[in-house]
Amino acid sequence: MSTPESATRLRDLEAEAFRTGRTLAEHGEQLHSIEQRQTTAFANIDSLADAIGAPGDRTITQRLDGIDTRLDGLEGRVDGIDTKLDQILELLRKP
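Residues numbered from 1 in each chain as written. Predicted model: local features only at pLDDT ≥ 70, side-chain atom pairs only at ≥ 80, totals over all residues. Heavy atoms only, no water.

On the surface, a cluster of negative charge is made up of Asp65, Asp68, Asp72, Glu75, Asp79, Asp82 and Asp86. Relative to the helices and strands, Glu75 is located in helix 2 (residues 60-93). (Patch = residues over 30% accessible without salt bridge, like charges linked within 9 Å, V, L, I, M, F, W, Y side chains within 5 Å. Areas by Shrake-Rupley, 256 points an atom, 1.4 Å probe, with all protein chains shown as cover. Salt bridge = Lys/Arg side-chain N within 4 Å of Asp/Glu carboxyl O. Lys, Arg positive; Asp, Glu negative; His and termini not counted. Charge placed at Lys NZ, Arg CZ, Asp CG, Glu CD. Helix = DSSP H or I, 4+ residues; strand = E, 2+ residues; numbered from the N terminus.)

Here is the structure:
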């Protein structure tokens, strides 16, 4: 048999579960809305990039990847120059 305390506790748990479910549903809707806005924003960025470049050219993501690759190459060159400068400094420090 259920006691008044257990019935109250059960009712409280059901209310909490309902509030939690509603909160999760609201968060899900917000996430969906954010996803839609991001998709629109990225499409707009690609459209602007196409307007600046040749139509049908690479997407902005592909362009950014190309820039990243170039930066990696430059970083390697700078590291090489840094190594050469260290060698020159060592030579200059020798008596």
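There is more to say, and it comes next.
Let us look at the pattern of salt bridges. Inspection of every chain in the model, using the stated rule, returns 2 salt bridges. Measuring nitrogen to oxygen at the nearest pair gives 2.8 Å for the salt bridge that ties Glu16 to Arg19. Here Glu16 and its partner Arg19 are both found in helix 1 (residues 4-52), 3 residues apart, which amounts to about one turn of the helix. With relative accessibility at 40%, the residue Glu16 sits in the partly exposed group. Exposure remark for Arg19: the relative accessible area of 40% places this residue in the partly exposed category. We note a salt bridge from Arg93 to Glu90, for which the minimum N-O separation is 3.4 Å. Of this pair, Arg93 and Glu90 both sit in helix 2, 3 residues apart, which is roughly one turn of that helix. Since its relative accessible area comes to 44%, Glu90 is described here as partly exposed. (Buried < 20%, exposed > 50% of the residue type's maximum accessible area, 1.4 Å probe, protein only.)

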